[in-house]
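Each chain is listed here by its residues.
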Amino acid sequence: MSIWWSLHLRREAASVPLARRLLLGTMETAGVDPEISYDLSLALTEACANAVEHGGRTETGDVCAEFRVTAYLDGEKCRIEVADSGPGFPSGPAPTVRRTAPEAENGRGLRLIEELADHVHFGNRSGRGGAVVSFDKIVKWRTDAPLVAS
C-alpha cells in the first residue's frame, strides 16, 4: 500500500493542527498502530510549528506566507517532509541539535523530532532557500488494519 499527500499551508498557527489531523486521519484509515501515529503526529507538529515561527523571511527580506508538508506512507515506512521559504538553517555542516534547559520555553522541537523518528534530516532547500526537515519511521500496523495485504 502506498499513500502520498502534499499540503501548501498558510504560515499561521491554525495550519499546524490541520496538518496534524490530516496525518492522524490518514494513519488511522490505513491501519497504522496508534502509538506510531502519535509519535509521527507530534514530530510533524514540531516541524510545522518551526516553519510557522522561523520560516517568515527570506535572505532577501521577502515575507513568506506559506510552507509545505508532504507525507508518504509506503510499505513499512512513513516519511514526512516540512519545507519553508525562510532563511533556512545556518550554512555549513548540518545543524547541531542542542540540549535546552528544562525551564526553557523554546528550543526543544528539533531534539523531539530526533527522539520520535527513526531517521531525521535537517537541511536547506537548494536554489530558492528555506529550511527542510524530513523524518521517517518504520510503521507498525494494527491487527485489524484494513489496507494491509494478508
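Reading the values: rules and limits
Residues numbered from 1 in each chain as written. Predicted model: local features only at pLDDT ≥ 70, side-chain atom pairs only at ≥ 80, totals over all residues. Heavy atoms only, no water. Axes fitted to C-alpha atoms, helices over the stretch in contact; angles between N-to-C directions. Helix = DSSP H or I, 4+ residues; strand = E, 2+ residues; numbered from the N terminus. Parallel < 35°, antiparallel > 145°, perpendicular 65-115°, else oblique. Left-handed = near helix turned anticlockwise from the far one by under 90°. Contact = heavy atoms within 4.5 Å. Nonpolar A, V, L, I, M, F, W, Y, C, P; charged D, E, K, R; others polar. Salt bridge = Lys/Arg side-chain N within 4 Å of Asp/Glu carboxyl O. Buried < 20%, exposed > 50% of the residue type's maximum accessible area, 1.4 Å probe, protein only.

The name an unreviewed UniProt entry assigns to the protein chain is ATP-binding protein, from the organism Streptomyces lavendulocolor.

**Focus on the packing of helix 1 (residues 15-30) against helix 2 (residues 34-54)**
Helix-helix packing: each pair is described by the crossing angle between the helix axes and the interaxial distance. One can describe the packing of helix 1 onto helix 2 by two numbers: an axis separation of 9 Å at closest approach and a directional angle of 155°. Between helix 1 and helix 2, the interaxial angle falls into the category roughly antiparallel. As helix 1 packs across helix 2, the resulting crossing turns out to be right-handed. Listed contacts from helix 2 to V16, A19, R20, L23, L24 and M27 of helix 1 are S37, Y38, L40, S41, L42, L44, T45, C48, A49 and V52. Residue composition of the contact of helix 1 with helix 2, grouped by class: 12 nonpolar, 3 polar and 1 charged.

**Focus on the pattern of salt bridges**
Where charged atoms of side chains with opposite charge meet at close range, the side chains can pair. Summed over all chains, the structure comprises 5 salt bridges. A salt bridge links R10 to E12, with the nearest nitrogen and oxygen atoms 3.6 Å apart. Measuring nitrogen to oxygen at the nearest pair gives 2.9 Å for the salt bridge that ties R79 to D136. Of this pair, R79 sits in strand 3 (residues 77-84) while D136 sits in strand 5 (residues 131-138), and the two are 57 residues apart along the sequence. On the basis of relative accessible area, D136 is assigned to the buried category, the value being 7%.

**As for the side chain of S37**
By the secondary structure assignment, S37 is in helix 2. Classification of S37 by relative accessible area gives buried; the value is 5%. S37 has contacts with L24, M27 and V32, leaving out every residue within four places of it along the chain.

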